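# Chain and residue survey
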Amino acid sequence: MPWLNIIQQLFKPAADLVDNLTLSKEEKVKLGNELESIQNTFNKQVLDYESKITELQASIIEKETEGNWMQRSWRPLLMLAFGFIIIYEYFFSNILSLPKGNMPVEFWELLKLGLGGYVIGRSAEKIVPNLNFTKNKKS
């Protein structure tokens with residue numbers, strides 16, 4: 001998760017600073033623990049935020065699957081159309097000497113975006129219902 005790496009990189013200079021301070025060992029440990037506690041709080045907030053995003057994405061897909069045939073099928077149909085374009089572009093045009101489609105670079109970027117969204121969406125649809133989101137209660 002890139003956000004957790006960013007948070008770790010943000011806190012690393014502060015942790016290094018604590019190590020270089022001319023304090024007693026106990027004070028360094030106390031400062032280090034406080035810094036780690038703050039970092040863990042940030043990490044938890046990021047994970048909570050990402051889980052909420054995943055839940056929202058999954059709920060959108062669930063709503064689509066509850067809709068009519070077109071709502072349920074637009075993603076697979078779009079991916080089939082992309083698949084046909086790729087097969088034509090690389091198989092038929094090269095082997096059977098049919099004219100190439102000369103697809104612009106933007107098409108391939110859109111295809112990557114669509115495929116990524118489809119794969120992530122399907123993964124979220126399968127994974128999120130099995131996750132157990134519980135709040136930790138302080139004793």
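Keep in mind that this is a model prediction, so the values were computed, not measured.

As a further point, take the overall build of the protein. Helices and strands together make up the secondary structure of the protein, namely 4 helices and 0 strands. Order of helices (α) and strands (β) in the protein, N terminus to C terminus: α-α-α-α. Looking at the protein residue by residue over its 139 residues, the buried ones come to 17%. Accessible surface for the protein amounts to roughly 11100 Å². Of this, 63% is attributable to carbon and sulfur atoms.

Before going further, it helps to examine helix α3 (residues 69-95). Its 27 residues give α3 an end-to-end C-alpha distance of 36 Å, which sits within 8% of 39 Å, the value for a rise of 1.5 Å per residue. Largest kink in α3: about 35°, centred on Arg 75, with the proline Pro 76 one to four residues after it. Within α3, the full set of buried residues consists of Ser 73, Met 79, Phe 82, Glu 89 and Ser 93. Of the residues trailing α3, Ser 97 is marked for its positive phi of about 55°.

This part is about the environment of Glu 64. You can see Glu 64 is positioned in helix α2 (residues 25-66). Taking the C-alpha atoms as reference points, Glu 64 and Trp 74, separated by 10 residues in sequence, lie 9.4 Å from one another. Look past the residues within four positions of Glu 64 in its chain and what remains in contact with it is Gln 71, Arg 72, Trp 74 and Arg 75.

Its location among the elements puts Ser 73 in helix α3. A residue is classified by how much of its surface remains accessible, and Ser 73, at 13% relative accessible area, is buried. Polar contacts involving the side chain of Ser 73 include one to the main-chain carbonyl oxygen of Trp 69, which spans 2.9 Å.

So, on to the environment of Glu 89. Structurally, Glu 89 can be placed in helix α3. The exposure class of Glu 89 is buried, given its relative accessible area of 7%. Not counting residues within four places of it along the chain, the set of residues in contact with Glu 89 comprises Asn 94, Lys 100, Gly 101, Asn 102, Met 103 and Trp 108.

Moving on to the confidence of the model for the protein. Do not read the predicted coordinates in detail wherever pLDDT is low. Mean pLDDT over the protein stands at 76; residues scoring 70 or higher make up 82%. Between residues 135-139, whose pLDDT stays under 50, and residues either more than four places distant or in other chains, the model counts 0 contacts.

With 42 residues, α2 ought to run about 62 Å at 1.5 Å a step, and its terminal C-alpha atoms sit 60 Å apart, in line with that. Of all the residues in α2, the buried ones are Leu 35, Gln 39, Asn 43, Val 46, Glu 50, Ser 51, Ala 58, Ile 61 and Glu 64.

Once that is clear, we can look at the packing of α2 against α3. The interhelical angle for the contact between α2 and α3, taken along N-to-C directions, is 120°, at an axis separation of 5 Å. Classed by the angle they form, the pair α2 and α3 counts as oblique. Across from Ile 61, Glu 64 and Thr 65 in α2, the residues of α3 making contact are Gln 71, Arg 72, Trp 74 and Arg 75. Tallied by class, the residues present in the contact of α2 with α3 amount to 2 nonpolar, 2 polar and 3 charged.

A cluster of nonpolar residues, Trp 69, Met 70, Trp 74, Leu 77, Leu 78 and Leu 80, forms a patch on the protein surface that exposes about 640 Å² of accessible area. When you line up the elements, Met 70 lands in helix α3.

Rules behind the numbers
- One numbering rule holds for all chains: residues counted from 1, following each sequence as written.
- Owing to the predicted nature of the model, reporting of local features is limited to residues with pLDDT of at least 70; listing and counting of side-chain atom pairs is limited to 80 or more, with chain, interface and lining totals taken over all residues.
- Values shown for side chains rest on all heavy atoms present in the structure; no hydrogens or waters enter the calculation.
- Numbering of helices and strands runs from the N terminus, with a helix taken as a DSSP run of H or I at least four residues long and a strand as a DSSP run of E at least two residues long.
- Exposed residues in this analysis have more than 50% of their type's maximum accessible area, buried residues have under 20%, and partly exposed residues fall in between, with area computed by a 1.4 Å probe over protein chains only.
- Here, Shrake-Rupley sampling with a 1.4 Å probe gives the accessible areas, and only protein chains in the shown set may cover a residue.
- Multiplying 1.5 Å by the helix residue count minus one yields the expected span of that helix.
- The reported bend at a residue is simply the angle between two axes, fitted to the 7 residues ending at it and to the 7 residues beginning with it.
- Here, residues are in contact when the closest pair of their heavy atoms is within 4.5 Å.
- Whenever a nitrogen or oxygen atom comes within 3.5 Å of another N or O atom, the pair is scored as a polar contact, on the condition that within protein one atom can donate a hydrogen and the other can accept it, and that pairs from neighbouring residues in sequence are kept only if both atoms are in side chains.
- Per-residue confidence from the prediction method is given by pLDDT, with values spanning 0 to 100.
- Interaxial angle, 0 to 180 degrees, is taken between N-to-C directions of lines fitted to C-alpha atoms, where a helix line uses only the stretch in contact.
- Throughout, the term roughly parallel applies to angles under 35 degrees, roughly antiparallel to angles over 145, roughly perpendicular to angles from 65 to 115, and oblique to all others.
- Three classes are used, and their members are as follows: Ala, Val, Leu, Ile, Met, Phe, Trp, Tyr, Cys and Pro are nonpolar, Asp, Glu, Lys and Arg are charged, and the others, Gly among them, are polar.
- Residues with no salt bridge and a relative accessible area higher than 30% make up the patches, which join like charges within 9 Å and nonpolar side chains (Val, Leu, Ile, Met, Phe, Trp, Tyr) within 5 Å.
- A carboxyl oxygen of Asp or Glu within 4 Å of a side-chain nitrogen of Lys or Arg is what we treat as a salt bridge.

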